[in-house]
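Letter by letter, the chains look like this.
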Amino acid sequence: MGASGRRGFLAFFAMVLVLFSGSALFARDVSGLHTLSETGIKQVVKEAYEKFKNDNSGKNADYIKALAKVDPKIFGITVVTRDGKVIEAGDTKSAVSIQSISKVFTASLVMQEHGAKFLQEKIGANATGLPFNSIIAIELHDGSASNPFVNAGAIQATSWVRAKDSKERWAKIKKNMDDYAGNELAFNEEVYISEVNDNKRNQAISKILDAYGRMGSDPLEATTVYTKQCSVNVNAHDLGVMGATLANHGVNPITGKRVLKAAYVPKLLAVMATAGLYDNAGDWLYETGAPAKSGVGGGLLTVIPGKLAIGVVSPPLDKYGNSVRAQKATIYIIEKLGLNPYAQ
Ligand code: GLN
């Protein structure tokens, strides 16, 4: 082969390589790891949306009256990669109240202020196997909340955020969530009023914890701040960015701001894996291998560590309080893109 023939062959070879890597969902790099392509993610996110958009199963939460009124048709999916690429399908603008997903960010703030050991020892890092608002779980575990993602542990975490009063505590918690989202999140007054007048069970939980000497501030004051943090509005896009901050080791990939010390990220993700989907967390992990957190507003945030996050909003829930469509869409995306962290 002459010099020009060799050049022609090389050019042809390079072209085949480019075409192949562009069309594949992901290519295998030399180390055998999957490298995701943006086109591949787009295609799968679109498929997930189309596949489940007419799935009406599940029911809005109604124990907080305002949640029953939210449009059950809202359905949006946002993937945000570690380097800040945003891929979306459906209604990613309509917001729902963040509810229990807020627990991740307050736990993160407590870890940032007091360290990972404090969170583990004071609040815990074990699943309860019982519903998120269980009172008996506290009694069964010698007054321990077990983890920061059941109501008990979340109210406790709220109480441990350093502040001179409740106003400052709320401002810090809200600012922290805004930093995760890279956006000033709106407050849902209607949901707040609806829940704050009907949160006797959470008040009882805070009082029991206080009786066990576990609270960092006045229990009822902490319950009110906790109810506020649950009433912050998020859409699928916000959840995607918040999750991507964790996928990116604590730095918001859109704003570049560090929100959590990198060393604490795996600890927080571990609690999400153990207790993120309430008493169904085991089945979720079995299906996906991915740390995630759900909220009764219909949001679901899933983190694929070091790679990306998936934020989904769809209000109808299953019996555990997890969004039905959000789970289905997330499982579909994880399976299709080969994202299960245990399969890497
Ligand atoms: N604010 C809700 C409550 O305390 C949050 C519960 C949830 O999303 N699981 O009951």
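For the structure, check the block above.
Residues numbered from 1 in each chain as written. Predicted model: local features only at pLDDT ≥ 70, side-chain atom pairs only at ≥ 80, totals over all residues. Heavy atoms only, no water.

As for the packing of helix α7 (residues 151-160) against helix α11 (residues 219-230)
Inference 1: The contact between α7 and α11 brings their axes to 8 Å, and the two run at 105 degrees. When the interaxial angle is binned, α7 and α11 end up roughly perpendicular. In this structure, α7 uses Asn-151, Ala-154, Ile-155, Thr-158 and Ser-159 to contact α11, whose residues at the interface are Ala-222, Thr-223, Val-225, Tyr-226 and Gln-229.
Inference 2: For the contact of α7 with α11, a count of residues per class yields five nonpolar, five polar and no charged. (Axes fitted to C-alpha atoms, helices over the stretch in contact; angles between N-to-C directions. Helix = DSSP H or I, 4+ residues; strand = E, 2+ residues; numbered from the N terminus. Parallel < 35°, antiparallel > 145°, perpendicular 65-115°, else oblique. Contact = heavy atoms within 4.5 Å. Nonpolar A, V, L, I, M, F, W, Y, C, P; charged D, E, K, R; others polar.)

With respect to the site of the ligand
Inference 1: Surrounding the ligand, one finds Tyr-63, Gln-99, Ser-100, Phe-132, Asn-151, Glu-195, Asn-202, Tyr-226, Cys-230, Tyr-278, Gly-295 and Val-296.
Inference 2: In isolation the ligand has 300 Å² of accessible area, and contact with the protein removes 99% of it.
Inference 3: For the shell around the ligand, the residue count by class is six nonpolar, five polar and one charged. (Near = heavy atom within 4 Å. Areas by Shrake-Rupley, 256 points an atom, 1.4 Å probe, with all protein chains shown as cover.)

Comments concerning the packing of helix α8 (residues 166-181) against helix α12 (residues 236-247)
Inference 1: Relative to each other, α8 and α12 sit at 85 degrees, their axes nearing to 7 Å. For the element pair α8 / α12, the angle class is roughly perpendicular. Between α8 and α12, the contacting residues are Met-177, Tyr-180 and Ala-181 on the first element and Val-241, Met-242, Thr-245 and Leu-246 on the second.
Inference 2: Within the contact of α8 with α12, the residues separate by chemical class into six nonpolar, one polar and no charged.

Some details on the pattern of salt bridges
Inference 1: Within this structure, the stated rule accounts for twelve salt bridges.
Inference 2: Linking Glu-190 and Lys-69 is a salt bridge whose minimum nitrogen-to-oxygen distance equals 2.8 Å. Taken as a pair, Glu-190 in helix α9 (residues 189-196) and Lys-69 in the loop between α3 (65-68) and β3 (76-81) lie far apart in primary sequence, 121 residues in all.
Inference 3: Classification of Glu-190 by relative accessible area gives partly exposed; the value is 46%.
Inference 4: A salt bridge links Asp-178 to Lys-174; the nearest nitrogen and oxygen atoms lie 3.0 Å apart. (Salt bridge = Lys/Arg side-chain N within 4 Å of Asp/Glu carboxyl O. Buried < 20%, exposed > 50% of the residue type's maximum accessible area, 1.4 Å probe, protein only.)

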